[in-house]
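# Chains, contacts and geometry: an overview
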Amino acid sequence: MKTENSKNIIIVGGGPAGMMAAIELSKTHKVSLFEKGKTLGRKFLVAGKGGFNLSNSLIDKELSSKYTPNYLFTNILKSFDSKATVTWLEELGIPTYVGSSGRIFPEKGIKPIEVLNALKQRMIKQNVSIYLEHEMIDFNKSSITFNNKTSKFSKEFDTCIFALGGASWSITGSDGLWTHLMQKNNIKTSTFEPSNCGIIVNYNNKPIAQHIGTPLKNIRITFQDKIVKGEAVISTYGLEGNAIYPLANAIGTLLKKGQTTISIDLKPFNTEKELISKLTSTTQPKNYGYVYNLNKAQIALIKSFTDKETYINPIRFVKALKRLAIPIEGLRPIEEAISTTGGVPLEELNADLSLKKIPNIFIAGEMFDWDTITGGFLLQGCFATGYFVAKHIN
Ligand SMILES: Cc1cc2nc3c(=O)[nH]c(=O)nc-3n(C[C@H](O)[C@H](O)[C@H](O)COP(=O)(O)OP(=O)(O)OC[C@H]3O[C@@H](n4cnc5c(N)ncnc54)[C@H](O)[C@@H]3O)c2cc1C
């Protein structure tokens, strides 16, 4: 219910974080949502073209452990966790179900555009004023300047939320071009880095080049102190998939200092000792596939990244099965990344996600420096930060 104490709130950025904040705040305040694109939620719809994991069924510490920085998200997710997302979507008329991997999807038959429309309808019902094709081109502590193609104008606010997104898939509007506006206001920004993206591996003249498109299932990848289980797909440029994406950001950091490698365990359910015990005096390279239940792509991968000696020596072959070192040449371009880190650094933010230098401006969604993995955690993080800032403004 709007009262005399209702504030005049501006939200800039019509992605999931901005829309969540608009829905929560318009229950009690006058909210205007500005989006530079022709439509809202373009990246949300891109997510819909893939798996469209709206959240993940993990809760409590298991959920927050997937986020960096962990201390901050432990607090944020206490206000709005994956159960809250499910209830919230249900109230918006979007029932969900939990897939076998723990990912939360809209119920079968519900299209991504219908989920987006449910958010839009709720905003319209709660009298959110939505301004499309309005780009924020400047701001200060009390007003924002917009360009709506025909004119420039400034709008005053009591409180404002920026939910401008990260810096990948720029076609969706998440282009990170807003950083200079922060710098103009003496707010530092950190360089955007790709996260959740593929890695580049040189397959030139290697047997593995014959297996593009083949998934390496049930593998375990180790990089520094990080261990990820899952699947990696052999792609034209290298490797992608849920066992690769969580490592991308850390790999990128190390690549800046020089070349680096990941270690793949193709048989994570067997110890090296167990695998060696399967060898007999008659085991030869031609039997490896049979003895260890390996497909052609797995054998080609080992051949591609070991020397001949390793391949013909069964003990050395087993060691390679457990610890195959793959040199990484680079990360795929940031433009292709599912998410990015960087943007507004934590040092510029108060604990309630307001800017230290302009505390009546709050930041939500992918535009500040946090990271998580794929599987619904990104949207959960965006919804939760949108809700968290709304709660603090309320
Ligand atoms: C291919 C792909 C698949 C994905 N799949 C999933 C998935 O299945 N599950 C999941 O959890 N996550 C997924 N994601 C990630 C998820 O879509 C993003 O994390 C999420 O959309 C970020 O939300 P946001 O509100 O922070 O920003 P965005 O959705 O990026 O929205 C920011 C908005 O701000 C607007 N904006 C920017 N600058 C200005 C300005 N100056 N003035 C006005 N408006 C401006 C932009 O136009 C944009 O609409 C996927 C991402 C990609 C690329």
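Residues numbered from 1 in each chain as written. Predicted model: local features only at pLDDT ≥ 70, side-chain atom pairs only at ≥ 80, totals over all residues. Heavy atoms only, no water.

## Structural notes on the layout of surface pockets
- In this model, the second largest pocket occupies a volume close to 890 Å³.
- Lining the second largest pocket are 32 residues, and of these Lys66, Val228, Pro246, Thr372 and Ile373 sit closest to its centre.
- Elements supplying a minimum of two residues to the lining of the second largest pocket: strand 14 (226-234) and helix 8 (245-255).
- By residue class, the composition of the lining of the second largest pocket is twelve nonpolar, twelve polar and eight charged. (1 Å grid on protein atoms, 1.4 Å probe; cavity = no way out; pocket = protein on both sides within 12 Å on 5 of 7 lines; lining within 4 Å. Points joined across faces, edges and corners; volume = space filled by probe spheres on them. Helix = DSSP H or I, 4+ residues; strand = E, 2+ residues; numbered from the N terminus. Nonpolar A, V, L, I, M, F, W, Y, C, P; charged D, E, K, R; others polar.)

## Observations concerning the site of the ligand
- As a matter of local geometry, the ligand sits amid 31 residues, with Glu35, Asn53, Ser174, Glu366 and Leu379 nearest to it.
- For the ligand, a nitrogen atom lies 3.2 Å from a polar atom in the backbone of Lys36.
- In this structure, an oxygen atom belonging to the ligand sits 2.7 Å away from a main-chain N or O atom of Leu379.
- In isolation the ligand has 1,000 Å² of accessible area, and contact with the protein removes 95% of it.
- Among the elements of the structure, helix 1 (16-25), helix 2 (42-49), strand 7 (135-139) and helix 14 (377-393) are those that each provide at least two residues to the shell around the ligand.
- The element contributing the most residues to the shell around the ligand is helix 2, with four residues.
- Residue composition of the shell around the ligand, grouped by class: 14 nonpolar, eleven polar and six charged. (Near = heavy atom within 4 Å. Polar contact = N/O pair within 3.5 Å; in protein donor to acceptor, adjacent residues only side chain to side chain. Areas by Shrake-Rupley, 256 points an atom, 1.4 Å probe, with all protein chains shown as cover.)

## Observations concerning the nonpolar core
- Counting 74 residues, the largest nonpolar core has Val12, Phe139, Ile144 and Phe162 as the members making the most contacts within it.
- Considering every element that reaches this core, the biggest residue donor is helix 14, with ten residues.
- The residues contacting Phe139, other than those within four sequence positions of it, are Ile144, Phe162, Leu181, Met182, Asn185, Ile187, Ile358 and Ile361.
- In terms of nonpolar packing, the next biggest core, distinct from the first, is built from 45 residues, Ile244, Leu266, Tyr311 and Ala337 among them. (Core = buried A, V, L, I, M, F, W, Y, C linked by side-chain atoms within 4.5 Å. Buried < 20%, exposed > 50% of the residue type's maximum accessible area, 1.4 Å probe, protein only. Contact = heavy atoms within 4.5 Å.)

## Remarks on the domain arrangement of the chain
- We note that the domain assignment places domain 1 (8-192 + 342-393) and domain 2 (199-331) within the chain.
- Placing the centre of domain 1 and that of domain 2 at their C-alpha centroids yields a distance of 38 Å.
- On the domain 2 side, the residues contacting the four residues of domain 1 number four residues.
- For the pair domain 1 and domain 2, the number of links is zero salt bridges.
- At the junction of domain 1 with domain 2, the criterion picks out zero residue pairs in polar contact (both at pLDDT 80 or more). (Domains from an automatic or database assignment. Salt bridge = Lys/Arg side-chain N within 4 Å of Asp/Glu carboxyl O.)

## Observations concerning the sheet that holds strand 6 (residues 129-131)
- Spatial ordering of the open sheet is given by 6-2-1-10-20, a layout of five strands whose pairing is parallel. Single-partner strands in this sheet number two, and they are strand 6 and strand 20 (361-363). Strand-to-strand twist in this sheet, taken as the mean axis angle between neighbours without regard to direction, amounts to 20°.
- Here strand 1 (residues 8-12) pairs with strand 2 (residues 30-34) via five bridges, running parallel. Bridge assignment links Ile9 to a residue of strand 2, and that residue is Val31.
- On top of the sheet, helix 1 reaches strand 1, strand 2 and strand 10 (159-162); it is set at about 165° to strand 1, its chief contact. (Pairing = 2+ DSSP bridges. Axes fitted to C-alpha atoms, helices over the stretch in contact; angles between N-to-C directions.)

## A short note on the environment of Tyr311
- Among the secondary structure elements, Tyr311 is positioned in helix 12 (residues 308-312).
- Between the alpha carbons of Tyr311 and Thr271 there is a distance of 19 Å; along the sequence they are 40 residues apart.
- With sequence-adjacent residues up to four places away left out, Tyr311 is seen in contact with Pro285, Tyr288, Ile299, Lys303 and Phe317.

## Observations concerning empty space enclosed by the protein
- Overall, the coordinates contain one cavity of 30 Å³ or more when judged by the stated rule.
- Together, Ser339, Thr340, Glu366, Trp370, Asp371, Thr372 and Leu378 line the largest cavity.
- Partitioned by chemical class, the residues of the lining of the largest cavity number two nonpolar, three polar and two charged.

## Focus on helix 13 (residues 314-322)
- Turning to helix 13, its buried residues number three or more, namely Phe317, Val318, Ala320, Leu321 and Lys322.
- The N-cap of helix 13, judged by a side-chain oxygen 3.0 Å from the amide nitrogen of Ile315 a few residues on, is Asn313.

## Regarding the side chain of Thr172
- When you line up the elements, Thr172 lands in the loop between strand 10 and helix 7 (179-184).
- In this structure the side chain of Thr172 is engaged in a polar contact, spanning 2.6 Å, whose partner is the backbone oxygen of Trp169.
- Excluding its chain neighbours within four sequence positions, the residues that come into contact with Thr172 are Arg42, Lys43 and Val46.

## Things to note about the packing of helix 2 against helix 6 (residues 112-125)
- Direction vectors running N to C along helix 2 and helix 6 enclose 150°, while the axes themselves pass 9 Å from each other. The angle between the axes of helix 2 and helix 6 places the two elements in the roughly antiparallel class. Of the two elements, helix 2 crosses helix 6, and the hand of that crossing is right-handed. Contacts from Phe44, Leu45 and Gly48 in helix 2 reach Pro112, Ile113, Val115, Leu116 and Leu119 in helix 6.
- Among the residues making up the contact of helix 2 with helix 6, the classes are represented as seven nonpolar, one polar and no charged. (Parallel < 35°, antiparallel > 145°, perpendicular 65-115°, else oblique. Left-handed = near helix turned anticlockwise from the far one by under 90°.)

## Quick word on the state of the cysteines
- The tally for this structure, following the rule as stated, stands at zero disulfides.
- Of all cysteine sulfurs in the structure, the one in Cys382 sits closest to Cys160, which takes part in no disulfide; the separation is 17 Å.
- The class of Cys160 is buried, set by a relative accessible area of 0%.
- Here Cys197 is not cross-linked by a disulfide; its sulfur's nearest cysteine counterpart is in Cys382, at 17 Å.
- By relative accessible area, which is 2% here, Cys197 ends up buried. (Disulfide = S-S within 2.5 Å.)

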